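Overview (structure and organization)
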Amino acid sequence: MAFIGGGNMASAIIGGLIANGLPASQITVVEPFEAARDALKAKFGIDALPTASAALAGQDLVVWAVKPQTFKDAAAAAAPHTAQALHLSVAAGITTDSIAQWLGTGRIVRAMPNTPALVGKGMTGLFARPEVDAEGQALIERVIGTTGQLVWVDGEAKLDAVTALSGSGPAYVFLFLEAMTQAGVDMGLTAPQAYQLAVATFQGASELAARSDEPASVLRERVTSKGGTTYAAITHMQQAGLPQTFIAALRKAEARAQELAQEFGR
Ligand SMILES: NC(=O)c1ccc[n+]([C@@H]2O[C@H](COP(=O)([O-])OP(=O)(O)OC[C@H]3O[C@@H](n4cnc5c(N)ncnc54)[C@H](OP(=O)(O)O)[C@@H]3O)[C@@H](O)[C@H]2O)c1
């Protein structure tokens, strides 16, 4: 298989594949940035090329891990060598109609992963065009399955929702971690103590939610003693419009995914 683009997301998927036993010799990466090529070779022992070439011919699967802004140019360079392959794109926003036009094939799956894939805890949304058969879908599941959980969506537009929720989502969690750490420091804890408390709280609460049959609202109510400390904090958040702001923020991310398709999908 080949990766076009060898940055953060490609490294996360390659790391998962190698950790699950795929030999490094079966992976080729096209990555124009020399330092990134050297890092990939050093970390994974894989072959990294500066430009697309005939070396891509014969690949079963091509993973597109370039930025939406550079996809069209990268596709023009690689398309002559990849007509036979199944294609997997992780680019935010760019539709499979655009990709099919640029590559001359409709055998495309679009994915929206997230960076916890780096530690095998990724969450990926997937959409397959009708041209992708069951065998192709199974191959994609084997690849993405090495990075964590996956869910197929039945309409391509839903991938913009996945992008807004779980694709960008780790950044929202990190923003909360930063704010909770700051609050802890303001209240007299050391920064390492506050950060440990915040990270472990996210980890524990997420695990509790994942293992529970009850909705998040019930789990929240169990923490919130009447007239207690949590009530004071949650009431302040609700009065400040935090839930509505958060929901509106995700709609901004969804809208940006739609804009990316318009801006860079032509
Ligand atoms: N990061 C995330 O959390 C995340 C999550 C889900 C999906 N995605 C999607 O994943 C894609 C990659 O994101 P990323 O965060 O991995 O970005 P990134 O780290 O910047 O990786 C993209 C890589 O592609 C290289 N590249 C640029 N032009 C190329 C070309 N013509 N041929 C081959 N490679 C080329 C870039 O090199 P230069 O640096 O030299 O330009 C860069 O190393 C994006 O489309 C993004 O929407 C990202």
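Residues numbered from 1 in each chain as written. Predicted model: local features only at pLDDT ≥ 70, side-chain atom pairs only at ≥ 80, totals over all residues. Heavy atoms only, no water.

**So, the site of the ligand**
Surveying the vicinity of the ligand reveals 22 residues, the closest of which are Met9, Glu31, Val66, Lys67 and Ala92. Between the ligand and Glu31 there is a distance of 2.7 Å, counted from an oxygen atom to a side-chain nitrogen or oxygen. For the ligand, whose accessible area on its own is 880 Å², the fraction buried by protein is 75%. For the shell around the ligand, the secondary structure elements donating two or more residues are helix H1 (8-19) and helix H3 (68-78). The element best represented in the shell around the ligand is H3, accounting for 3 residues. Of the residues contributing to the shell around the ligand, the split by class is 14 nonpolar, 6 polar and 2 charged. (Near = heavy atom within 4 Å. Polar contact = N/O pair within 3.5 Å; in protein donor to acceptor, adjacent residues only side chain to side chain. Areas by Shrake-Rupley, 256 points an atom, 1.4 Å probe, with all protein chains shown as cover. Helix = DSSP H or I, 4+ residues; strand = E, 2+ residues; numbered from the N terminus. Nonpolar A, V, L, I, M, F, W, Y, C, P; charged D, E, K, R; others polar.)

**Comments concerning the environment of Thr163**
With respect to the element layout, Thr163 can be found in helix H6 (residues 158-167). C-alpha of Thr163 to C-alpha of Thr124: the two residues are 39 residues apart in sequence and 9.2 Å apart in space.

**Quick word on the pattern of salt bridges**
What the rule picks out here adds up to 10 salt bridges. Its salt-bridge partner being Glu214, residue Arg222 comes within 2.7 Å of it at the nearest N-O pair. Judged by its relative accessible area of 34%, Glu214 is partly exposed. When salt bridges that share partners are traced, they join Asp97, Arg129 and Glu131 into one network. (Salt bridge = Lys/Arg side-chain N within 4 Å of Asp/Glu carboxyl O. Buried < 20%, exposed > 50% of the residue type's maximum accessible area, 1.4 Å probe, protein only.)

**Here's the deal with the UniProt feature "binding site: NADP(+)" (unreviewed entry) in the chain**
Per the UniProt record, "binding site: NADP(+)" (unreviewed entry) is found at Ile4, Gly5, Gly6, Gly7, Asn8, Met9, Ala65, Val66, Lys67 and Pro68. In sequence the annotated residues extend across 65 residues, while in space they remain close, none of their C-alpha pairs exceeding 14.0 Å. Cross-referencing the annotated residues with the second largest pocket identifies Ile4, Gly5, Gly6, Gly7, Asn8, Met9, Ala65, Val66, Lys67 and Pro68 as lining it. One can find Met9 in helix H1. Taking relative accessible area as the criterion, Met9 reaches 18% and is therefore assigned buried. With sequence-adjacent residues up to four places away left out, Met9 is seen in contact with Val90, Pro113, Asn114 and Thr115. With relative accessibility at 16%, the residue Val66 sits in the buried group. If we skip the residues at most four places from it in the chain, Val66 touches Ile4, Gly5, Phe71, Ala74 and Ala91. (UniProt positions renumbered as here; feature names shortened; annotations may be inferred. 1 Å grid on protein atoms, 1.4 Å probe; cavity = no way out; pocket = protein on both sides within 12 Å on 5 of 7 lines; lining within 4 Å. Contact = heavy atoms within 4.5 Å.)

**Describing the environment of Thr224**
Here Thr224 shows up in the loop between helix H9 (216-223) and helix H10 (229-239). On a C-alpha basis, the gap between Thr224 and Lys121 in space is 29 Å, while along the polypeptide they are 103 residues apart. The contacts of Thr224, once residues within four sequence positions are left out, are Thr230 and Tyr231. A distance of 2.7 Å separates a polar side-chain atom of Thr224 from the backbone oxygen of Arg220.

**Description of the sheet that holds strand S3 (residues 47-49)**
Across a sheet, paired strands are connected by hydrogen bonds in the backbone, their directions being either parallel or antiparallel. The 8 strands lie next to each other as S3-S2-S1-S4-S5-S6-S7-S8, forming an open sheet whose pairing is mixed. Of all strands in the sheet, those with a lone pairing partner are S3 and strand S8 (148-152), marking the two edges. In this sheet, neighbouring strand axes are inclined to one another by 25° on average, regardless of whether the strands run parallel or antiparallel. Here strand S5 (residues 86-89) runs beside strand S6 (residues 108-112); their pairing, made up of 3 bridges, is parallel. Bridge pairing in S6 places Ser89 opposite Arg110. Taken strand by strand, H3 contacts strand S1 (2-4), strand S4 (61-64) and S5, and its axis lies near 155° from that of S4. (Pairing = 2+ DSSP bridges. Axes fitted to C-alpha atoms, helices over the stretch in contact; angles between N-to-C directions.)

**Considerations on the nonpolar core**
Met1, Phe3, Ile14, Val29, Leu61, Leu88 and Ile140 are the most contacted members of the largest nonpolar core, which has 29 residues in total. Among the elements of the structure, H1, helix H2 (34-44), S4, S5, S6, strand S7 (122-128) and helix H5 (134-145) are those that each provide at least two residues to this core. With 6 residues, H1 is the largest single contributor of residues to this core. Every residue in contact with Phe3, bar those within four places of it in the chain, is listed here: Ala10, Ile13, Ile14, Leu17, Ile27, Thr28, Val29, Val30 and Val63. By size, the runner-up hydrophobic cluster in this structure holds 20 residues, among which are Ala2, Val30, Val66 and Ala85. (Core = buried A, V, L, I, M, F, W, Y, C linked by side-chain atoms within 4.5 Å.)

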